[in-house]
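Single-letter residue listing:
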Amino acid sequence: MVEFLPKVTEINPPPDVDDGEDEVEPLSNGPEQRSLKEEGQQGTRRHHRRLSSMHEYFDPFCNADVYYGPVTDPRKQPKPHRLNRTRTMSVFNKVSDFKNDMKDYSLKRRGSEDDSFLSSQRNRKFFIDNVDMALDELLASEDTDRNYQITIEDTGPKVIKVGTANSNGFKHVNIRGTYMLSNLLQELTIAKSFGRHQIFLDEARINENPVNRLSRLITNQFWNSLTRRVDLYNIAEIARDSKIDTPGAKNPRIYVPYNCPDQYEFYIQASQMNPSLKLEVEYLPKHITPEYVKSLNDTPGLLALAMEEHVNPSTGERSLVGYPYAVPGGRFNELYGWDSYLMALGLLESNKVDIARGMVEHFIFEIDHYDKILNANRSYYLCRSQPPFLTDMALLIFEKIGGKNNPNAIQFLKRAFRAAIKEYKGVWMSTPRLDPITGLSCYHPDGIGIPPETEPAHFDTILLPYAEKYNVSLENLRKLYNDGTIKEPKLDAFFLHDRAVRESGHDTTYRFEGVCAYLATIDLNSLLYKYEIDIANVIEEYFDDEYFDENDGTVTDAKHWRKLAKTRKDSINKYMWDEKSGFFFDYNIKLKCRTSYESATTFWSLWAGLATNEQAKIIVEKALPQLEMLGGLVACTEKSRGPISIDRPIRQWDYPCGWAPHQILAWKGLSSYGYEQIATRLAYRWLYMITKAFVDYNGMVVEKYDVTRGTDPHRVDAEYGNQGADFKGVATEGFGWVNTSYLLGLKYMNNHARRALGACSPPLPFFNSLKPSEKKLYYL
Ligand SMILES: OC[C@H]1O[C@H](O[C@H]2O[C@H](CO)[C@@H](O)[C@H](O)[C@H]2O)[C@H](O)[C@@H](O)[C@@H]1O
Ligand SMILES: [Ca+2]
């Protein structure tokens, strides 16, 4: 292994200082750095002040804004009083010819190891004299594939020298191994983003147990990076969208419901305050039709969400501000439907209740103004929804904010349930989503044409035969088909189902391709069963068992809703349950037959509480073994997915991918049927995979994982790629629902499992190493 030698070797002992200023050796001596350093020697090199004990008792794990804030900045410290120390001339190379001469020799010598650092046990710190140079050098040496990440795929020396704090950087120690080096890269990148040129860095911060580090980052940093809250100044940034690339998408744009004049004024004010942002503000019409939605494809925009009024206590001035919400991450920079629920679970775990609650406020607003919980709040999502979770989300927040002892919480719950009932009736139990014969529901949104937010090549295989038929390029075919010049009923049918696939949240999977709008899925009908039960309970307890619906004038009680739930459960059993395989399958309402695609959403029947104990046992015995992989539950079985080829590429919601929502719902469902040990086993697998990728791939946390891949599970090349993998230096947000899954999964882990995860012990060796009594904890 090649080690970096400090360019200037210390021949004298570490310098004493006599006036509070001295020089330290920066990290390394790579060729580029050498010239930088030489520049420094010619007079531009910065000096730092000795910091007495300022850095010695700082929490090594505090948030970056504090850790790299002014309090720890050597340059921001008041100049210390001159100390009455003996001056040693050796320190001052700029005034001492003797010292300058020594530099020539020093190039050939190794730096002395800082013995005091090596032997000390606690509070070991490094001093980085020049963050920029250190970054350059670290990347030049260790990032051999030049992707600004230090991973196990880089073939650098895997060791670098850094100055120690107790020698003021004069003596050095080695930092070794991918994990520590990549953490060093992350910390330097963050320090730089805070404008820091010099830092003290705790060894503990780059050597932190990865389980602690990741959960700390999720709780203290990732959620913050994913949180949005609209105000007058940030709307242009919040409206930013990388998905659409038309000329009309260049300027940020916000669409406001026709009956929200206050919001319209607010956004006009925002655009006038900063004309250079070119924020465009448009009213939406009262009736939003699929034709209208299609007409916005080239001029997409963000859709307004719920806002509250703030009164400035000193001026009395009133202004609007958006409720906070979290975005999933990567290219998904807007409020999503089911992502929000899944993130809310993690946000509540991190005690960030206001953000989770803000998302419910937005859902109530969306149901009021857009008639549904939107796939996400962009104009091109106006026609479709996503898997419904509002009742459970509202109940969890309700409990967290005081439950029945807090009148405000009760009001919140009642508003959320009024909205959920409107959504239930208007979206899921109406045409075209409701199948009147079975009483079951399908994902079946309106819409016209090709979804504009998808990656351009996604539909090429489907469109190519039509481009050949009309002898036009693919690009022209897209235009001609979208504007209705070319009429192709088969394409219409394909895109009807494609839109349904996107509404299902499972975009895309061969389970749904060309058929989704006609499938009563176990996913959706489990969720609706849960709605019915939740609504019954809330009506009984908080509406005095008499709910007047002002939208349709009906009065219902808990019994009515329990009956709806029972009817749905009976239909699910009749049309979907397959005892032989142990799966609940989707039911095709057109062909009137049960399908046989084996999906991890069969566990949603447990999450919703609709399966019997006997069915749960059969699912555990028969379905689970088909879906349990190295890294947790896979989205569907390989057999169901079928063979893959150039013409039949991998789909992201199919084998071998695993998704956080599937894990989270299965853990909860299994636990509630008495199979907590299986949930623990599955959680260990999932957490192992996330931790492994985090450790080996520069702190990476991605949207989905290949649960069959031991070494690089983050590597999924499907559709728009893997969100969360593309960052330089440091990952700052993780991915919303994976962040949640990590926090929730850890709740199943005892100390032993946590330690094993921290050491990245693969599931099988870990399970095999357990004593018989411990094996029981994992249902082994
Ligand atoms: O842009 C392509 C598709 O992207 C979204 O789907 C995926 O990301 C969502 C956000 O994390 C998630 O809710 C969904 O389950 C993913 O498959 C979007 O929801 C689709 O409508 C869109 O076409
Ligand atoms: Ca690299």
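Residues numbered from 1 in each chain as written. Chains lettered and ligands numbered in written order. Predicted model: local features only at pLDDT ≥ 70, side-chain atom pairs only at ≥ 80, totals over all residues. Heavy atoms only, no water.

(A) Expanded view of the overall build of the chain. Scanning the chain for helices and strands turns up 29 helices and 24 strands. A total of 780 residues make up the chain; the buried ones form 60% of that total. Within the chain, contacts between residues separated by at least 24 positions form 72% of all contacts whose residues are at least 6 apart in sequence. For the chain, the accessible area works out to roughly 32100 Å², and carbon and sulfur atoms hold 51% of it. (Helix = DSSP H or I, 4+ residues; strand = E, 2+ residues; numbered from the N terminus. Buried < 20%, exposed > 50% of the residue type's maximum accessible area, 1.4 Å probe, protein only. Contact = heavy atoms within 4.5 Å. Areas by Shrake-Rupley, 256 points an atom, 1.4 Å probe, with all protein chains shown as cover.)

(B) Inspection of the coordination of the calcium ion (ligand 2) at higher detail. In the first shell of the calcium ion (ligand 2), the protein supplies D143 (OD), D145 (OD), N147 (OD1), Q149 (O), D154 (OD) and D154 (OD), at 2.2 to 2.6 Å from the metal. Seen from the calcium ion (ligand 2), its 6 donor atoms lie at angles of 52 to 166°, and the figure they make is irregular. In the primary structure, the donors to the calcium ion (ligand 2) are separated according to the pattern D-x1-D-x1-N-x1-Q-x4-D. For N147, a relative accessible area of 30% puts it in the partly exposed group. Take Q149: its relative accessible area is 5%, and that puts it in the buried class. (Donors = N, O, S within 2.8 Å, 3.2 Å for Na, K, Ca; no water. Tetrahedral: all angles 85-135°; square planar, octahedral: opposite > 155°, others 65-115°.)

(C) Examining the environment of D570 more closely. Positionally, D570 belongs in helix 20 (residues 558-575). Residues D570 and L610, 40 residues apart in the sequence, show an inter-C-alpha distance of 9.6 Å.

(D) A look at the pairing of strand 11 (residues 307-311). Across 5 bridges, strand 11 lies against strand 12 (residues 318-322) in antiparallel orientation. From the neighbouring strand, M307 faces strand 12, where its bridge partner is G322. The hairpin formed by strand 11 and strand 12 contains 6 residues between the paired strands, and G316 there has a positive phi angle of roughly 75°. (Pairing = 2+ DSSP bridges.)

(E) Main features of the side chain of D523. Turning to its location among the elements, D523 is positioned in helix 19 (residues 522-542). A polar contact of 2.7 Å, which involves the side chain of D523, links it to the side chain of R511. Excluding residues that lie within four positions of it along the chain, D523 makes contacts with Y443, H506, R511, F512, D586, T601 and W604. (Polar contact = N/O pair within 3.5 Å; in protein donor to acceptor, adjacent residues only side chain to side chain.)

(F) Structural context of the packing of helix 25 (residues 676-696) against helix 26 (residues 736-746). Where helix 25 contacts helix 26, the axes come no closer than 10 Å and their chain directions differ by 130°. Here helix 25 is positioned oblique relative to helix 26, judged by the angle of their axes. Read as a crossing pair, helix 25 and helix 26 show a hand that is left-handed. Contacts between helix 25 and helix 26 involve A683, W686, L687, I690 and T691 on the former and, on the latter, V738, S741, Y742, G745 and L746. Classifying every residue of the contact of helix 25 with helix 26 gives 7 nonpolar, 3 polar and no charged. (Axes fitted to C-alpha atoms, helices over the stretch in contact; angles between N-to-C directions. Parallel < 35°, antiparallel > 145°, perpendicular 65-115°, else oblique. Left-handed = near helix turned anticlockwise from the far one by under 90°. Nonpolar A, V, L, I, M, F, W, Y, C, P; charged D, E, K, R; others polar.)

(G) Looking closely at the packing of aromatic side chains. Counted under the stated rule, the structure contains 40 aromatic pairs. Each ring, one from F365 and one from Y370, has its centre 6.2 Å from the other, and the planes form 70°; the classification is edge-to-face. Given the relative accessible area of 3%, Y370 is considered buried. Taken together, the aromatic side chains of W338, Y341, F389, W604, W607, W653, W659, F735 and W737 make up a single cluster linked through ring pairs. For K530, the ring lying beneath its charged end belongs to W607, and the centroid distance is 5.3 Å. The ring of Y510 has R648 lying over it, and the distance from NZ or CZ to the ring centre is 3.8 Å. (Phe/Tyr/Trp six-rings, centres within 6.5 Å; stacked < 30°, edge-to-face > 60°. Lys NZ or Arg CZ within 6 Å of the ring centre and 35° of its normal.)

(H) Fine view of helix 5 (residues 131-142). A rise of 1.5 Å per residue sets the reference length of helix 5, with its 12 residues, at 16 Å; its end C-alpha atoms lie 16 Å apart and thus fit the reference within 8%. For helix 5, the tally of buried residues reaches 9 of 12 residues, placing the bulk of the element in the interior. Looking only at helix 5, the buried set comprises V131, M133, A134, L135, E137, L138, L139, S141 and E142. Looking at where helix 5 begins, the residue whose side-chain oxygen comes 3.2 Å from the main-chain nitrogen of D132 is N130. (Expected span 1.5 Å × (residues − 1).)

(I) The arrangement of the UniProt feature "domain: Neutral trehalase Ca2+ binding" (unreviewed entry) in the chain in detail. Taking the UniProt record as the reference, the feature "domain: Neutral trehalase Ca2+ binding" (unreviewed entry) is found at residues 135-164. The span residues 135-164 is 27% helix and 20% strand, and its two end C-alpha atoms sit 17 Å from each other. (UniProt positions renumbered as here; feature names shortened; annotations may be inferred.)

(J) View of the packing of helix 25 against helix 27 (residues 751-758). Between helix 25 and helix 27, whose axes approach to 9 Å, the crossing angle comes to 30°. When the axes of helix 25 and helix 27 are compared, the pair comes out roughly parallel. As for how helix 25 packs across helix 27, the hand of that crossing is right-handed. In this structure, helix 25 uses Y684, L687, Y688 and T691 to contact helix 27, whose residues at the interface are A753, A756 and L757. Class assignment for the residues of the contact of helix 25 with helix 27 results in 6 nonpolar, 1 polar and no charged.

(K) Up close: the domain arrangement of the chain. Structurally, the chain comprises domain 1 (62-73 + 114-207), domain 2 (227-413), domain 3 (457-515) and domain 4 (607-779). In this structure, domain 2 and domain 4 have C-alpha centres spaced 31 Å apart. Counting from both sides, the interface comprises 16 residues of domain 2 and, opposite them, 16 residues of domain 4. Between domain 2 and domain 4, roughly 1400 Å² of surface is buried when both sides are summed, and carbon and sulfur atoms account for 70% of that area. When the buried area of domain 2 at its contact with domain 4 is split by residue, W338, L342 and E349 rank highest and sum to 32% of it. Connecting domain 2 to domain 4 are 1 salt bridge. For K747, the salt bridge is made with E349, and the minimal N-O distance between the two is 3.2 Å. Counting every contact that joins domain 2 to domain 4 gives 6 residue pairs in polar contact (both at pLDDT 80 or more). Broken down by element, the residue count for the side of domain 2 that touches domain 4 peaks at 8 residues, all from helix 12 (residues 338-349). Residues of the side of domain 2 that touches domain 4, tallied by class, amount to 8 nonpolar, 4 polar and 4 charged. (Domains from an automatic or database assignment. Buried area = accessible area lost by both parts, 1.4 Å probe. Salt bridge = Lys/Arg side-chain N within 4 Å of Asp/Glu carboxyl O.)

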